[in-house]
Amino acid sequence: LYILWNQTRQQWIGNRPRNRTHHVREPRLSWNVTYDSLLGTNKPFPQPITLSEMVDFLVDVWEQEGMYD
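Residues numbered from 1 in each chain as written. Predicted model: local features only at pLDDT ≥ 70, side-chain atom pairs only at ≥ 80, totals over all residues. Heavy atoms only, no water.

*Asks:* I'm lost on the overall build of the chain in this one. Help?
*Replies:* Of the regular secondary structure elements, the chain holds three helices and zero strands. Shown N-terminal to C-terminal, the secondary structure of the chain runs as helices and strands in the order α-α-α. Taking all 69 residues of the chain together, the buried fraction comes to 12%. Summed over its atoms, the accessible surface of the chain is roughly 6,800 Å², and 55% of this surface lies on carbon and sulfur atoms. (Helix = DSSP H or I, 4+ residues; strand = E, 2+ residues; numbered from the N terminus. Buried < 20%, exposed > 50% of the residue type's maximum accessible area, 1.4 Å probe, protein only. Areas by Shrake-Rupley, 256 points an atom, 1.4 Å probe, with all protein chains shown as cover.)

Structure below.
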């Protein structure tokens, strides 16, 4: 099972070298993006969005709508 998982993971990430240094990146999401404009379509994002940025975005939306307390 691990071998299959690792092969699938390699397909996802490609042959990028493992670089453990973290670079501070500017946010990819615009400050005025809306839930519908971002997730209301099945088109791919123009550039990758980090998981932490997506989680922050969703928590903000849920808090605004009273869904996350």
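*Asks:* What's the story with the side chain of Glu53 in this structure? I'm lost.
*Replies:* Structurally, Glu53 can be placed in helix α3 (residues 51–64). With sequence-adjacent residues up to four places away left out, Glu53 is seen in contact with Pro27, Arg28 and Leu29. (Contact = heavy atoms within 4.5 Å.)

*Asks:* Got a minute to help me understand the environment of Gln47 in this structure?
*Replies:* You can see Gln47 is positioned in the loop between α2 (35–39) and α3. In this structure the C-alpha to C-alpha distance between Gln47 and Leu29, which are 18 residues apart in sequence, comes to 9.6 Å.

*Asks:* Looking at this model, I keep getting lost on α3. Mind explaining?
*Replies:* Because an α-helix packs 3.6 residues into every turn, residues spaced three or four apart end up facing the same way. With 14 residues, α3 should cover 20 Å at 1.5 Å per step; its first-to-last C-alpha distance of 20 Å lies within 8% of that length. Summarising the contacts, the buried residues of α3 are in contact with α2. Looking at the residues trailing α3, positive phi occurs at Gly66, about 70 degrees. (Expected span 1.5 Å × (residues − 1).)

*Asks:* What should I look at first to understand the environment of Glu53 in this one?
*Replies:* Given a relative accessible area of 13%, Glu53 falls into the buried group. A sequence separation of 26 residues divides Glu53 from Pro27, and the C-alpha atoms of the two residues are 7.2 Å apart.

*Asks:* Mind showing me how you'd approach the nonpolar core here?
*Replies:* One broad trend across soluble globular proteins is that nonpolar side chains are buried collectively. Leu29, Leu38, Met54, Phe57, Leu58 and Val61 form the largest nonpolar core, which has six residues in total. It is α3 that contributes the most residues to this core, four residues altogether. In this structure, Leu58 is in contact with Tyr35 and Leu39, ignoring residues within four places of it in sequence. (Core = buried A, V, L, I, M, F, W, Y, C linked by side-chain atoms within 4.5 Å.)

*Asks:* Please clarify how helix α1 (residues 2–13) should be interpreted in this entry.
*Replies:* With 12 residues, α1 should reach 16 Å at 1.5 Å per residue; the first-to-last C-alpha distance of 16 Å fits that figure. Looking at the residues trailing α1, positive phi occurs at Gly14, about 75 degrees.

Limitation: the analysis is restricted to geometry and does not speak to function.
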